[in-house]
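What the coordinates show
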Amino acid sequence: MADISIAPQDDIRAKDTPLIRLKEIYKIYQMGDETVHATDGISLDIYRGEFVAIVGKSGSGKSTLMNIIGALDVPTKGNYYIDGHDTSSMTDNELADIRNRRIGFIFQQYNLLPKLSILENVELPLLYQGVKEPERKIRAMEELEKVGLKEKAKMRPIQLSGGQQQRVSIARALASRPSLILADEPTGALDSKTSREVLDIIKKLNDEGNTIVMITHDPTIAVRARRVVRIIDGKVDFDGSAEEYGKL
Amino acid sequence: MESFKMALRSIAGNKMRSFLTMLGIIIGVASVIMLVSIVSGYMNSMMESFSDMGVDQINVSVTNTASRTVDTDDFYEFLDENPETFAYLTPTATVNGRLKYGNDTMSGTSIGGYSEDYLTIKGYEMEAGRNLSYSDMAGEKRVAVMGYYTAWYMFGSAEEAIGEKIRINGNVFYVVGVVKRQDEDSLEEGGMDDFVWIPYSTAGKIARTGFMSSYIITVRDVNDADAGVTKIEDYLYSVFKDDDLYSVYANSEMLDQMNEMIGQLSMMLGGIAGISLLVAGVGVMNIMLVSVTERTREIGIRKALGARRGVIMTQFVIEAAVTSTMGGILGIIMGSVMTVLIGTAIGITCTPTFGAVLLSFGVSVGIGLIFGYMPANRAARLNPIDALRSE
Ligand SMILES: Nc1ncnc2c1ncn2[C@@H]1O[C@H](COP(=O)(O)OP(=O)(O)OP(=O)(O)O)[C@@H](O)[C@H]1O
Ligand SMILES: [Mg+2]
């Protein structure tokens, strides 16, 4: 067991090395005279296979936290390790590769490229991975099939309903076979029925072994995760199982 | 390759934006090509008509006084003393008079008295018969050489004119030769081919002017024209002692002035071309800038999905390159077609000059690339989250 700490973390990933490790993460915005601590010293470990819901009031710092986890943003202070790699020393391109290979994003506003077809949208992460043409299309098509949108492959995002667009973005998030799926209010723009469908897909992904971090402000959605982290004013206020959270 | 495809997709997906970018370049390239080509076509045609004048010729005119005179023999002597500089000499004596054949009168025909070298000085050749000769001069013979039109009009052909009788102010002359047709395009009264040459000596005798007052002297080398002028002036001064009594003028001086004018014109042209390219460039720059700003969100999404900075840059630069190149090519086509059309309309041969095509294409594509690169570079450096947030 003593070996683990000195073993190169790339090669031997012990089961108990967290996939995500946040240590004293601060994100501080300076707005004129005011300083906003969007995250105020958050420490958090997330392990493989977990399904974590991050809840909190509007403005509590959920998105800020997620952007840091997703390597879309860098913390003002603190360390962030993904799979044991310290991101603070990474270059712009290395961070791009982290996002490309290890993280799949599901955004509230889908963030599909309107000028590209559904299939091309799903292909994008693979394109940036350097996957070549026939394989790339085949793999993207497989992902579209999983979310039940194979027939719509040639359509533009705008021709789909909100729920369908979100399923496309899920397919896109899955295409690069990431170790972590990040979802910021994935159901925020959807009605309750479509929300449930999308949530079912996400839950199923977790059952298949995917690690999922999902932001939501809706407690009824949060309880469908396995673990709930509640943020208040940029600090972790609660961290426990969904059952415990439900009892609060 | 992938980025190339992606750029093409993006161009096709944003036809309006791509078209506007191209439009700036099309207009820039086309206008520069038109401008430069038409003006240089115009300059060429001007140059051509000037070089027809004979740049090796020096025109001399003298005013003989009772005490000081220079006659044709003196000029021949002077020429013989400077064989390395001068080649040919002819007096030029314009004869004001009517040319008649039978009862027909020619009104536009120019009649003049020249030496036997005039044919060579003009660079003409004989079509039929013979040229004027030295013995014609010496003997003040009543012989004439005529232009192709004159011969054709009066006698039907060059051959038929030989040996025929014509009358100049009542004096009978015999046609001994006809000069080859000069003007390929038109054969008309008063044109290049409507003339009669007679020996200068005979012309002087008819007109009763004792001395010839105008001469053409040619130099062996056009570069010696100025030196030739000086020599002639020195010689004439030694005789007349008064430089008001003669004037010496080299045709090449006019060419020098022409060249100077063309030089200035070219510079002006370069300035105008530069400005139109600049205007086109600013247009392209604007659209590129706007398009990148508009697309910051797209850049954010692509970065979130793991596009490296270089990949995004490549996409945008290729996009800019393809649009500018396409615009440039369309501009070349449009500019060339317009150049030829306008040239035909104003009656000069204008061919798009290689330099203009290269310059305008190079500059506008360069501008497209630079202003495609700069904003894209800035956007690609954005934090992905900042790019994503922009709307
Ligand atoms: N770019 C920024 N500049 C300044 N302040 C910011 C910036 N981004 C976020 N903040 C501030 O940080 C705090 C946390 O914002 P964040 O977006 O993380 O909240 P959130 O929990 O996701 O809220 P919501 O539920 O409304 O999405 C807010 O007070 C917000 O105003
Ligand atoms: Mg948020």
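Structural data are supplied above this passage.
Everything numeric in this text was worked out from a predicted model, so none of it was measured.

The subject of this paragraph is the layout of surface pockets. Residues and elements named next belong to chain B. Computed from the structure, the largest pocket encloses a volume of approximately 500 Å³. Of all elements in the fold, only α1 (2-13), α10 (251-294) and α11 (296-304) reach the threshold of two or more residues within the lining of the largest pocket. Per-element accounting of the lining of the largest pocket gives the leading share, 4 residues, to α11. Tallied by class, the residues present in the lining of the largest pocket amount to 9 nonpolar, 8 polar and 9 charged.

Our focus in this paragraph is the site of ligand 1. For ligand 1, the set of nearby residues contains 13 residues, the closest of which are S58, G59, K62, S63 and T64 of chain A. More than a single chain frames ligand 1: its nearby residues are located in chains A and B. Within the contact set of ligand 1, an oxygen atom lies 2.5 Å away from a side-chain nitrogen or oxygen of S58 of chain A. At 2.7 Å, a side-chain N or O of K62 of chain A approaches an oxygen atom of ligand 1. When isolated, ligand 1 has an accessible area of 630 Å², and the protein chains bury 67% of it. Breaking the shell around ligand 1 down by element, the ones donating at least two residues are β1 (20-31), β2 (34-46) and α2 (62-69) of chain A. For the shell around ligand 1, the element with the most residues is α2 of chain A, which contributes 3 residues. Of the residues belonging to the shell around ligand 1, the class tally is 4 nonpolar, 6 polar and 3 charged.

All names here are of chain B. Applying the stated criterion to the full structure yields 29 salt bridges over all chains. Salt-bridge contacts for E84 lead to K231; the nearest nitrogen and oxygen are separated by 3.2 Å. Separated by 147 residues along the polypeptide, E84 in the loop between α3 (72-81) and β2 (86-91) and K231 in helix α9 (residues 225-240) bring together distant segments of the chain. Accessibility expressed as a relative area gives 49% for E84, which makes it partly exposed.

Right, let's talk about the sheet that holds strand β12 (residues 214-219) of chain B for a bit. Strand pairing in a sheet takes place through backbone hydrogen bonds and is either antiparallel or parallel in direction. All names here are of chain B. Strand order in the open sheet formed by 4 strands is β2-β12-β1-β13, and the pairing between neighbours is antiparallel. One side of each edge strand has no neighbouring strand; the edge strands of this open sheet are β2 and β13 (246-250). Between one strand axis and the next, the sheet turns by 20° as a mean value, whatever way the strands run. Both strand β1 (residues 57-62) and β13 contribute to a ladder of 5 bridges, which runs antiparallel. Looking at the pairing, I58 lines up with A250 of β13.

Definitions and limits used
- Residues numbered from 1 in each chain as written.
- Chains lettered and ligands numbered in written order.
- Predicted model: local features only at pLDDT ≥ 70, side-chain atom pairs only at ≥ 80, totals over all residues.
- Heavy atoms only, no water.
- 1 Å grid on protein atoms, 1.4 Å probe; cavity = no way out; pocket = protein on both sides within 12 Å on 5 of 7 lines; lining within 4 Å.
- Points joined across faces, edges and corners; volume = space filled by probe spheres on them.
- Helix = DSSP H or I, 4+ residues; strand = E, 2+ residues; numbered from the N terminus.
- Nonpolar A, V, L, I, M, F, W, Y, C, P; charged D, E, K, R; others polar.
- Near = heavy atom within 4 Å.
- Polar contact = N/O pair within 3.5 Å; in protein donor to acceptor, adjacent residues only side chain to side chain.
- Areas by Shrake-Rupley, 256 points an atom, 1.4 Å probe, with all protein chains shown as cover.
- Salt bridge = Lys/Arg side-chain N within 4 Å of Asp/Glu carboxyl O.
- Buried < 20%, exposed > 50% of the residue type's maximum accessible area, 1.4 Å probe, protein only.
- Pairing = 2+ DSSP bridges.
- Axes fitted to C-alpha atoms, helices over the stretch in contact; angles between N-to-C directions.

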